[in-house]
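Chain by chain, the residues:
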Amino acid sequence: MKIIEIKGAENRVVVEAFGKQRVVDFSDNGDIDIEPFDDLADDEAIQLFDEITESEEIAAALDVDSFN
C-alpha cells in the first residue's frame, strides 16, 4: 500500500493498493469504508485493512490514538 494523499479535515485517505487508487473514509463511529472494495479477494481485503489500521502515518494525520 502506498499513501497518495491524506485529507485530515475530511477523515479521508487515498491509497494505491492492488493496482488501483482507493479512497478510504473514516467515520466518527470508527467505521472504515474503502472504495473500490468489491474487486479485492478476501486475503487482499484483510491485508489492506491491516495495513491501513497499522499505519502510523495515517493515525497521526487523522489524530487517532488507535483504530481498535
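Residues numbered from 1 in each chain as written. Predicted model: local features only at pLDDT ≥ 70, side-chain atom pairs only at ≥ 80, totals over all residues. Heavy atoms only, no water.

Averaged over the protein, the pLDDT score is 92; the fraction of residues at 70 or greater is 93%. Per-element confidence in the protein is highest for strand β2 (residues 12-17), whose mean pLDDT is 98, and lowest for helix α2 (residues 56-61), whose mean pLDDT is 92. (pLDDT = per-residue confidence, 0-100. Helix = DSSP H or I, 4+ residues; strand = E, 2+ residues; numbered from the N terminus.)

The subject of this paragraph is the environment of K2. Mapped onto the secondary structure, K2 falls in strand β1 (residues 2-7). If we skip the residues at most four places from it in the chain, K2 touches V14, V15 and E16. (Contact = heavy atoms within 4.5 Å.)

In this section: the environment of I3. Topologically, I3 is positioned in strand β1. Between the C-alpha atom of I3 and that of E16, which follows or precedes it by 13 residues, the distance is 6.4 Å.

Moving on, we get to the pattern of salt bridges. The full count for this structure, using the stated rule, is four salt bridges. As a salt-bridge pair, D25 and R12 come within 2.6 Å of each other at their nearest N and O atoms. In this pair, D25 is assigned in strand β3 (residues 20-26) and R12 in strand β2, connecting sequence segments 13 residues apart. What makes R12 partly exposed here is its relative accessible area of 29%. The residue D39 makes a salt bridge to K20 at a minimum N-O spacing of 3.4 Å. A residue pair is termed long-range when its members are at least 10 positions apart, and D39 in the loop between β4 (32-35) and α1 (42-53) and K20 in strand β3 qualify at 19 residues. Here D39 falls in the partly exposed class, since its relative accessible area comes to 37%. (Salt bridge = Lys/Arg side-chain N within 4 Å of Asp/Glu carboxyl O. Buried < 20%, exposed > 50% of the residue type's maximum accessible area, 1.4 Å probe, protein only.)

As a further point, take the sheet that holds β2. Here we have four strands laid out as an open sheet, ordered β1-β2-β3-β4, and antiparallel in their pairing. Single-partner strands in this sheet number two, and they are β1 and β4. Averaged over all neighbouring strand pairs, the angle between strand axes comes to 20°, with direction disregarded. Against the sheet, α1 engages β2, β3 and β4, with an angle of about 125° to β4. (Pairing = 2+ DSSP bridges. Axes fitted to C-alpha atoms, helices over the stretch in contact; angles between N-to-C directions.)

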